[in-house]
Amino acid sequence: GVLGVVLFSIVTTLPCCVFLFINLTMLYTLRSKQVFWDTSRYVLLFNLLFADTVQLALSQSLFLLSSGSLTLLYPVCAALTAFSSLMLSVSVVTLVSMCLERYIAVCYPLRHSTIVTTRNTGVVICVIWCVSSSHVIIQLSLMLSKFSFQDLQNMQMMYFCGKESAFLDPSSDLYDRAFTYFLFMLGGVTVTVSYTGIMVAACSASTDKAAASKARRTLLLHLLQMGLTVSSTIYNSLLIVITSNLDRVPAVRLQVVLYVCVIVLPKCLSSLIYGLRDQTIRPILMLNLSCRCRGSVFIPDVRTKNTIRVHVT
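Definitions and limits used
Residues numbered from 1 in each chain as written. Predicted model: local features only at pLDDT ≥ 70, side-chain atom pairs only at ≥ 80, totals over all residues. Heavy atoms only, no water. UniProt positions renumbered as here; feature names shortened; annotations may be inferred. 1 Å grid on protein atoms, 1.4 Å probe; cavity = no way out; pocket = protein on both sides within 12 Å on 5 of 7 lines; lining within 4 Å. Points joined across faces, edges and corners; volume = space filled by probe spheres on them. Nonpolar A, V, L, I, M, F, W, Y, C, P; charged D, E, K, R; others polar. Helix = DSSP H or I, 4+ residues; strand = E, 2+ residues; numbered from the N terminus. Buried < 20%, exposed > 50% of the residue type's maximum accessible area, 1.4 Å probe, protein only. Contact = heavy atoms within 4.5 Å. Phe/Tyr/Trp six-rings, centres within 6.5 Å; stacked < 30°, edge-to-face > 60°. Lys NZ or Arg CZ within 6 Å of the ring centre and 35° of its normal. Axes fitted to C-alpha atoms, helices over the stretch in contact; angles between N-to-C directions. Parallel < 35°, antiparallel > 145°, perpendicular 65-115°, else oblique. Left-handed = near helix turned anticlockwise from the far one by under 90°. Patch = residues over 30% accessible without salt bridge, like charges linked within 9 Å, V, L, I, M, F, W, Y side chains within 5 Å. Areas by Shrake-Rupley, 256 points an atom, 1.4 Å probe, with all protein chains shown as cover. Salt bridge = Lys/Arg side-chain N within 4 Å of Asp/Glu carboxyl O. Expected span 1.5 Å × (residues − 1). Core = buried A, V, L, I, M, F, W, Y, C linked by side-chain atoms within 4.5 Å.

If you look the protein chain up in an unreviewed UniProt entry, it shows as G-protein coupled receptors family 1 profile domain-containing protein from Xenoophorus captivus. Comment text from UniProt for the protein chain, heading Subcellular location (unreviewed entry), reads "Membrane".

See below:
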């Protein structure tokens, strides 16, 4: 019914709006200080957050369209699906790059400043976007090669926009699955090798134990984030299984829970991992989240130019 559609739309839109606000504030924070511009890991974090934020907004828009029983033209759905795939690829490959950066920082601290430079980071980001874009171009070519241009102009979809409805040609679906498995294997192998290298380096007397322990926890969080991100690619397949084995009302409720856990949650982990754990970002992020209100928890001290904690009476 209409009431159920409105209720589920509110339940999913509210957390999305909260996470979008946090992500956008985090993006603004990473562009507010010069130290974030000159540090490679923060540049990579900005790239990751940008991809996650765009993908979250796109996913919620498609979810609301499906909730309202609105269908799209096939070219529009194909373009949105390919764009979502682009953001997913950029997100996963950026996570892989961030794992490698932490590995170099712990295992090769003396060479870190010469290997991981701002210029090299810019080159890595360009390579990430070029590789991801080439994947999308191939994907679009396979998706649209089955139809003529005249057919595409007026081809209205009968089902809601998603990968299963966009990949009408089996070759395009096979290619997407192969690329997704490749990303998952690349991410898993990279995290495993980096974690093992940091564990070995932690046993050395010359390694900073605190930095190695923090890097291990960060890699484990990256692995969790990567697993949740890649698991979002099987969301539609899970829905098909759920709707074929459950009644309509329990299936819709479970769909909303899966959507929040599998689609929404992974897109906000980057802000939580770095925004709350990083001592450089956290005070500035908290200040920006509070909209620089005078009664906020963190306000700048003009005399010392540091961030202090104030108890509001």
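Colleague: Can you help me understand empty space enclosed by the protein in this one?
Modeller: Rolled over the atoms, a probe as big as a water molecule pinpoints where empty space is left. By the definition in use, this model includes two cavities of 30 Å³ or more. Empty space within the largest cavity amounts to approximately 40 Å³. Forming the walls of the largest cavity are S85, L88, S89, H135, K163, D176, F179, T180 and L183. Counted by class, the lining of the largest cavity contains three nonpolar, four polar and two charged residues. Estimated volume of the second largest cavity: approximately 40 Å³. Lining the second largest cavity we find L62, L65, S66, L70, L72, F160 and C161.

Colleague: Would you mind going over the side chain of N47 with me for this structure?
Modeller: Examined against the element boundaries, N47 turns out to sit in helix α3 (residues 40–67). With a relative accessible area of 6%, N47 lands in the buried category. Ignoring anything within four residues of it in the chain, the contact list for N47 reads V90, T94, I125 and W129.

Colleague: Help me out: how do you make sense of the packing of aromatic side chains in this one?
Modeller: To describe a pair of aromatic rings, one takes the distance between the centres and the angle between the planes. All told, the structure shown has five aromatic pairs when counted by the stated rule. Considering the side-chain rings of F36 and Y42, the 5.0 Å spacing of their centres and the 85° angle between planes classify their relative orientation as edge-to-face. Here F36 and Y42 have matching classes, each one buried. Three or more aromatic residues joined by ring pairs form one cluster here, namely Y175, F179 and F182. Sitting over the face of the ring of W37, R31 holds its NZ or CZ atom 4.1 Å from the ring centroid. Above the ring of F46, the side-chain terminus of R31 is found at 3.9 Å from the ring centroid.

Colleague: Looking at this structure, I do not really get the UniProt feature "transmembrane region" (unreviewed entry) in the protein chain. What am I missing?
Modeller: UniProt annotation of "transmembrane region" (unreviewed entry) refers to residues 6–30, 42–66, 72–100, 121–142, 178–198, 219–244 and 256–276 when read in the numbering used here. In this annotation, residues 42–66 is assigned 100% helix and 0% strand; the end-to-end C-alpha distance for the span is 36 Å. The distance separating the terminal C-alpha atoms of residues 72–100 is 40 Å; by composition the span is 93% helix and 0% strand.

Colleague: What am I meant to see in the packing of helix α4 (residues 74–107) against helix α6 (residues 118–144) here?
Modeller: Geometry of a packed helix pair, given as the angle between the helix axes and the separation of the axes. Between α4 and α6, the shortest axis-to-axis distance is 9 Å and the interhelical angle comes to 150°. As far as their axial angle goes, α6 and α4 are roughly antiparallel. Remark: the crossing between α4 and α6 carries right-handed chirality. Across the interface between the two elements, Y74, A78, A79, A82, S85, L86, M87, S89, V90, V93, T94 and S97 from α4 touch V124, I128, W129, S132, S133, H135, V136, Q139, L140, M143 and L144 from α6. Residues belonging to the contact of α4 with α6 are distributed by class as follows: 15 nonpolar, eight polar and no charged.

Colleague: How do you make sense of a nonpolar patch on the surface when you look at a structure like this?
Modeller: A cluster of nonpolar side chains, contributed by V2, V6, I10 and L14, occupies part of the molecular surface with about 380 Å² of accessible area. With respect to the secondary-structure elements, L14 resides in helix α1 (residues 2–30).

Colleague: Looking at this structure, how should I read α4?
Modeller: Within an α-helix, residues lying three or four positions from one another point in the same direction, as the helix has 3.6 residues per turn. When the terminal C-alpha atoms of α4 are compared, their 49 Å separation across 34 residues agrees well with the 50 Å that a helix rising 1.5 Å per residue should span. Burial of α4 is extensive: 25 of the 34 residues sit out of reach of the surface.

Colleague: Help me out: how do you make sense of the layout of surface pockets in this one?
Modeller: Approximately 260 Å³ is the volume found for the second largest pocket. Along its surface, the second largest pocket is lined by 16 residues, and L44, S97, L100, N120 and V124 are the ones closest to its centre. Counting residues per element, the ones that place at least two in the lining of the second largest pocket are α4 and α6. Here the residues of the lining of the second largest pocket are counted per class, giving eleven nonpolar, four polar and one charged.

Colleague: Explain α3 to me, please; I cannot follow it from the model alone.
Modeller: Here α3 contains 28 residues, and its C-alpha end-to-end distance of 41 Å stays within 8% of the 40 Å for a straight helix at 1.5 Å per residue. Trailing α3 by a residue or two, S69 shows a phi angle of about 60°, which is positive.

Colleague: Just checking my understanding: could you explain the nonpolar core for this structure?
Modeller: A general trend in soluble globular proteins is that nonpolar side chains are found buried together. Counting residues in hydrophobic clusters, the biggest one holds 42 residues, and the most contacted among them are M26, L30, L45, Y274 and I281. If you list the elements that add at least two residues to this core, you get α1, α3, α4, α6, α9 (170–202), α10 (209–231), α13 (269–277) and α14 (281–289). For this core, the element with the highest residue contribution is α4, accounting for twelve residues. Leaving out residues up to four positions away in the same chain, M26 has contacts with L45, L49, S271, Y274, G275, I281 and L285. Residues F63, L258, Y259 and C268 belong to the second largest nonpolar core, which totals 13 residues.

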